[in-house]
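Letter by letter, the chains look like this.
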Amino acid sequence: MIRIRIEYFAIFRELAGKSVEEIQTEAGTAGELFDELARRYEYPQLNQMKVAINEEFGEWDAVLADGDVIVFIPPVAGG
């Protein structure tokens, strides 16, 4: 079990009802962590979503470590 800090933005902040949260998780990768949070907060599966791990863009199969800071970044719409 590891402790992760998650910072929420946009739709993820609205659905979670908070902008930051520290959790203990058994998720091994960023993708597994997102799936866990998606079940908890009913997050939609968004195309072209990105993940940042410790302030750097990461891969969904990146292995998480105790103390990591994660941000899920939804696609930006605009024109």
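Here is what the cut-offs are and how they apply
- Residues numbered from 1 in each chain as written.
- Predicted model: local features only at pLDDT ≥ 70, side-chain atom pairs only at ≥ 80, totals over all residues.
- Heavy atoms only, no water.
- Helix = DSSP H or I, 4+ residues; strand = E, 2+ residues; numbered from the N terminus.
- Rg over C-alpha atoms; globule rule 2.2 N^0.38 Å.
- Contact = heavy atoms within 4.5 Å.
- Pairing = 2+ DSSP bridges.
- Axes fitted to C-alpha atoms, helices over the stretch in contact; angles between N-to-C directions.

> Please explain the overall build of the protein chain as it appears in this structure.
Secondary structure assignment for the protein chain yields 2 helices and 5 strands. Its helices and strands taken in sequence order, the protein chain reads β-α-β-α-β-β-β from the N to the C terminus. A compact globule built from 79 residues should have a C-alpha radius of gyration of about 12 Å, and the protein chain, at 12 Å, falls within 12% of that. The contacts in the protein chain between residues at least 6 apart in sequence include a share of 48% that link residues at least 24 apart.

> Would you explain the sheet that holds strand E5 (residues 69-73) in this entry?
Remark on secondary structure: sheet strands pair via backbone hydrogen bonds, oriented parallel or antiparallel. The strand order across the open sheet built from 5 strands is E2-E1-E5-E3-E4, with neighbouring strands paired in mixed fashion. Where the open sheet ends on each side, the last strands, each with one partner, are strand E2 (20-25) and strand E4 (56-58). Strand-to-strand twist of the sheet, defined as the mean angle between neighbouring strand axes without regard to direction, takes the value 35 degrees. By the bridge criterion, 4 bridges tie strand E3 (residues 50-53) to E5 in an arrangement that is antiparallel. Within E5, the position partnered with Ile53 by the bridge is Ile70. Running over the sheet, helix H2 (residues 30-41) touches strand E1 (2-7), E2, E3 and E5 and is turned about 110 degrees from E2.

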